[in-house]
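Results of the structural survey
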Amino acid sequence: MALTVVTVLTTAGCGGDSGEPDREAAAGTPSTGATGSAPARTKPTPTLTPTPTPTITAADGTDPAACADANCEIAVTEPVTFRFAGPDGRAATLSVTKVGRNEVEYTVKSGNGRSRGGASGPGQGCLTVLRGNGSGNSCGGGLDDTRPSPQPGAVVIQVTGHEDGTALLHIVSD
């Protein structure tokens, strides 16, 4: 009988469910395991802000490499820089420096020339025409998402911002 009492007391003291609440947990005292270490703490998982997916459908998707030949239509949601064939066959670079809700800013470099454009507000955008002897910009309203017309001896760049944070880029050459 003494052995039975010792077995019952030993089993009850092993942390099984005795039907009573855990006094240490209720008192806020951290419990320790058999090795005496504190329970493992988990770090909160950081929330990542995903890159927005363009809701604008562009003929060449989101791939700036499609613009290498100076004929493309792409949608971008973040700053990007890429090269394309400029007027007179010289390399040119387009750097979209800011994309936001109804907002876009960019810089074009061709030869020794540089042109900047930027627009903000619903229905706003910019049109840049690169020629061998210079460039010209026009920014404001009245631009839509249709492909601009090619111009002889020039590369035409049209950039429009959209309310979802997407910019639609057209590059057209003759």
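Look up a bit, the structure's there.
Residues numbered from 1 in each chain as written. Predicted model: local features only at pLDDT ≥ 70, side-chain atom pairs only at ≥ 80, totals over all residues. Heavy atoms only, no water.

Concerning the overall build of the protein chain
- Broken down by element type, the protein chain carries 2 helices and 9 strands.
- For the protein chain, the α and β elements follow one another from N to C terminus as α-α-β-β-β-β-β-β-β-β-β.
- A buried classification covers 32% of the 174 residues belonging to the protein chain.
- At a minimum sequence separation of 6, the contacts of the protein chain that also span at least 24 residues come to 36%.
- Carbon together with sulfur atoms contributes 53% to the accessible area of the protein chain, which is approximately 10,900 Å² in total. (Helix = DSSP H or I, 4+ residues; strand = E, 2+ residues; numbered from the N terminus. Buried < 20%, exposed > 50% of the residue type's maximum accessible area, 1.4 Å probe, protein only. Contact = heavy atoms within 4.5 Å. Areas by Shrake-Rupley, 256 points an atom, 1.4 Å probe, with all protein chains shown as cover.)

Quick look at the environment of A119
- Of note, A119 is situated in strand β5 (residues 113-120).
- Taking C-alpha positions, A119 is 9.5 Å from Y106, a pair spaced 13 residues apart along the chain.
- In contact with A119, not counting residues within four places along its chain, are N102, E103, V104, Q124, G125 and C126.

The values reported here are purely geometric and, on their own, carry no functional implication.
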